[in-house]
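So you can see what is in the structure, the chains are spelled out below.
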Amino acid sequence: MATETQPAPTATLPPCKLWIGGAWVDAASGATFTSENPATEEPLCEVAAAGAADVDRAVAAAREALTGPWGTMSARERGTLLWKIADALEARNADFARLETLDNGKPIFESRYVDVPAAVDALRYFAGWADKIAGETLPSHGPFVLTYTLREPVGVVAAITPWNFPLIQALWKIAPALACGNTVVHKPASYTPLTALKFAELAGEVGLPPGVLNVVPGGGAEVGNALVAHPHVAKISFTGSTEVGKQVMRGAADTMKRLTLELGGKSPNIVFADADLDAAVKGAYNGIFYGKGEVCAAGSRLFVEKSVYGELLERLVERTKKLEPGDPLHPKTRLGPLVSAKQRETVLSYVETGRREGAKVVAGGEAASVGGKGYFMQPTILDEVTSEMTVAREEIFGPVLVAIPFESADEAVAQANASIYGLAAGVWTRDVGKAHRVARALQAGTVWINQYNWYDSGAPFGGYKQSGFGRELGRQALEYYTEVKSVFVGK
Ligand code: NAP
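All values reported here derive from a predicted model rather than from experimental measurement.

A. Expanded view of the packing of aromatic side chains. All chains considered together, the criterion is met by 13 aromatic pairs. Plain terms: the ring middles of Phe109 and Tyr113 are 5.7 Å apart, the flat faces sit at 50 degrees to each other, and that makes the pair tilted. In this pair, Phe109 and Tyr113 both sit in helix H5 (residues 108–129), 4 residues apart, roughly one turn of the helix. Classification of Phe109 by relative accessible area gives partly exposed; the value is 31%. Considering the side-chain rings of Trp448 and Tyr455, the 5.5 Å spacing of their centres and the 85 degrees angle between planes classify their relative orientation as edge-to-face. One aromatic cluster is present, built from ring pairs that chain together Trp172, Trp448, Tyr452, Tyr455 and Phe461.

See below:
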């Protein structure tokens, strides 16, 4: 058995087929793709690659399930079932965490203590809502004895998720969708399909009726497009890049699908001179290097008040240089490999662009390996950056921080808001009034004060501007998985 100082053993792989109608099936075409371990560059398994015919099968199963035992189950029973699934997932934490780490490369410390617990928490949070989703009675005007509203499921929901938090992102969609009585077809990211498959099997074992949750791994263009165009999919819940989000939005127009988009970010983390600098250094560090910087809300633009800029940057660089990439299965590792060779190439090319445009690399900046393998890179900080540079404008999605000084709160807010994105932001100050003024002025769906990268199943999460629309988590998420119907009862 693994101890907290020993590398963890390998995980149990799911069958790596498609999960449709409560059973494992091959893709109609027989096609497969390889899921790879980014730390070792070795294949983990061959995964069935769904195509349009498989999407048809999965949507048909999800549609049928709407009128089967799931459709007649009471809301309270639905909530109880979701809670039981949460218990089963919690009991299998170690196995799911190892699988997430093998597939994505994130440190086992994160998978075990953040990803799996957060997925369990989302299930429990929405399990609690299942029997509290209600309509209203309305004051009648006209020849009616009663006017009321019903909150009904939208129908078949297509969940399309990215590779950075595979299990969390899946559950942020599946849990509210099921709590509201919908059925789901889930397309996980091609780099990281394994925990989604394993979760669907687990939910089936616990008693989720066949067809309520289906999983169809496969290429984004093919499976994603088929789901977006499908006439029997009522809603798309998409998390991913802004570029693909725009394609999904265009595609969803033809069938007028309900749509929520959780997209990219370039989030500002603002440190004022009166902040607790120890806490701010830690917050800036975790804000960018947690999750290898492959975090939509990563605090990738650090704005620091000029009078403490030099001191803060020096302390941050010193701390960053001690962060070494390591075997992600080792409990002490805090920086794993990037998800793929391609992602590392993209991130390193941004560092090169930064250098070319005049930024100075003050920490990291190079590829790395562990035991001669893996898509690792050094945690990187760029100084002498201006807001006009590519590295300050575009989402890099890796462990790369740009640091920029500012002179006043107004200037910091103006620079922070000068972005097409508006996902999250951080503010570090001991001045309570300033903290709240700046929080209100920032164009972001989430603002952390003297904290960064903190989430709660009860707090809505989503973007302003091109970071998307709609909200996940919290009571607000339920609105995006239900339709409202008004019923008038005549005299
Ligand atoms: P991505 O390339 O946009 O892919 C996201 C998902 O969409 C994947 O499952 C992908 O499939 C699929 N897809 C690709 N092309 C598609 C198409 N034409 N139609 C429908 N689906 C399609 O994003 P990613 O690289 O996986 O993830 C990183 C991005 O996600 C970053 O921009 C990050 O900021 C964002 N993100 C946002 C949030 C948030 O809550 N706002 C959270 C996490 C991540 P394949 O994997 O098969 O290509």
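From this point on, the discussion continues.
B. Up close: the layout of surface pockets. In this structure, the largest pocket occupies an estimated 1,300 Å³ of space. Surrounding the largest pocket, 41 residues form its lining, Trp163, Phe238, Gly240, Ser241 and Val244 being those nearest its centre. For the lining of the largest pocket, the elements supplying multiple residues, two or more each, are helix H8 (220–229), strand E10 (235–239), helix H9 (242–253) and helix H12 (341–356). By residue number, the principal contributor to the lining of the largest pocket is H9, which donates 7 residues. The volume enclosed by the second largest pocket comes to roughly 930 Å³. If you go around the second largest pocket, you meet 32 residues; those closest to its centre are Val114, Tyr290, Asn453, Trp454 and Tyr455.

C. Examining the sheet that holds strand E5 (residues 137–138) more closely. Pairing is antiparallel across the open sheet formed by 3 strands, whose spatial order is E5-E6-E24. Whereas interior strands pair on both sides, the edge strands pair on one side only; in this sheet they are E5 and strand E24 (482–490). When E5 meets strand E6 (residues 144–153), the two strands line up antiparallel, connected through 2 bridges. Note on E6: the bridge partner recorded for Thr137 is Tyr148.

D. Focus on the nonpolar core. Within the largest apolar cluster, 97 residues are counted, with the highest numbers of intra-cluster contacts made by Leu89, Leu123, Phe199, Leu208, Val271 and Ile381. The biggest single contributor to this core is helix H6 (residues 166–179), with 10 residues.

E. Main features of the side chain of Thr239. Mapped onto the fold, Thr239 is located in strand E10. Among the polar contacts listed, one links the side chain of Thr239 to the side chain of Lys173, at a separation of 2.7 Å.

F. Summary view of the site of the ligand. Around the ligand sit 30 residues in total, of which Thr161, Ser190, Ser241, Leu263 and Glu395 are the nearest. Interatomic distance of 2.8 Å between a backbone N/O atom of Leu263 and a nitrogen atom of the ligand. Compared with its free state, where it exposes 910 Å², the ligand has 89% of that area covered by protein. Assessed atom by atom at 2 Å from the grid points, the ligand resides in the largest pocket. When residues of the shell around the ligand are traced back to their parent elements, those giving at least two are H8, E10 and H9.

G. Local environment of the pattern of salt bridges. Tallied over the entire structure, the rule returns 20 salt bridges. Notably, a salt bridge pairs Asp95 with Arg92, separated by 3.7 Å at the nearest N-O pair. Residue classification places Asp95 among the buried residues on the basis of a relative accessible area of 10%. The exposure class of Arg92 is partly exposed, given its relative accessible area of 30%. With its nearest N and O atoms 2.9 Å apart, the salt bridge here joins Glu294 to Lys292.

H. Broad picture of the environment of Gly135. For Gly135, the location among the structural elements is in the loop between H5 and E5. Using a relative accessible area of 35% as the deciding quantity, one classes Gly135 as partly exposed. Sequence separation between Gly135 and Val116 is 19 residues; the distance between their C-alpha atoms is 33 Å. If we skip the residues at most four places from it in the chain, Gly135 touches Thr149 and Arg151.

I. Region of the structure containing the sheet that holds strand E20 (residues 424–428). The sheet built from 7 strands is open, its strands ordered E14-E17-E18-E13-E12-E20-E21 with mixed pairing. Of all strands in the sheet, those bounded by a partner on one side alone are strand E14 (360–363) and strand E21 (446–449). Within this sheet the neighbouring strands show an average axis-to-axis angle of 25 degrees, counted without direction. One ladder, built from 5 bridges, connects strand E13 (residues 301–305) with strand E18 (residues 400–406); its direction is parallel. The partner of Leu302 across the bridge, within E18, is Ala403. Those strands touched by helix H11 (residues 306–321) are strand E12 (268–271), E13, E14, strand E17 (380–383) and E18, and its axis lies near 135 degrees from that of E13. Together, E12, E13 and E18 form the strand contacts of helix H14 (residues 409–417), whose direction differs from that of E18 by roughly 145 degrees.

J. View of the pairing of strand E11 (residues 258–262). Counting buried residues in E11 gives 4 out of 5 residues, a clear majority hidden from the surface. Of the strand pairs in this sheet, E10 and E11 are connected by 5 bridges, and their pairing is parallel. Within E11, the residue paired with Lys235 across the bridge is Arg258. With H9 bridging E10 and its parallel neighbour E11, the resulting β-α-β unit is right-handed. In this structure, E11 lies alongside strand E23 (residues 468–469), joined through 2 bridges in antiparallel fashion. Across the sheet, residue Glu262 finds its bridge partner in E23, namely Gly468.

Reading guide: rules and limits
- Residues numbered from 1 in each chain as written.
- Predicted model: local features only at pLDDT ≥ 70, side-chain atom pairs only at ≥ 80, totals over all residues.
- Heavy atoms only, no water.
- Phe/Tyr/Trp six-rings, centres within 6.5 Å; stacked < 30°, edge-to-face > 60°.
- Helix = DSSP H or I, 4+ residues; strand = E, 2+ residues; numbered from the N terminus.
- Buried < 20%, exposed > 50% of the residue type's maximum accessible area, 1.4 Å probe, protein only.
- 1 Å grid on protein atoms, 1.4 Å probe; cavity = no way out; pocket = protein on both sides within 12 Å on 5 of 7 lines; lining within 4 Å.
- Points joined across faces, edges and corners; volume = space filled by probe spheres on them.
- Pairing = 2+ DSSP bridges.
- Core = buried A, V, L, I, M, F, W, Y, C linked by side-chain atoms within 4.5 Å.
- Polar contact = N/O pair within 3.5 Å; in protein donor to acceptor, adjacent residues only side chain to side chain.
- Near = heavy atom within 4 Å.
- Areas by Shrake-Rupley, 256 points an atom, 1.4 Å probe, with all protein chains shown as cover.
- Sits in = over half its atoms within 2 Å of the grid points.
- Salt bridge = Lys/Arg side-chain N within 4 Å of Asp/Glu carboxyl O.
- Contact = heavy atoms within 4.5 Å.
- Axes fitted to C-alpha atoms, helices over the stretch in contact; angles between N-to-C directions.
- Right-handed = clockwise from strand over helix to strand, strands pointing away.

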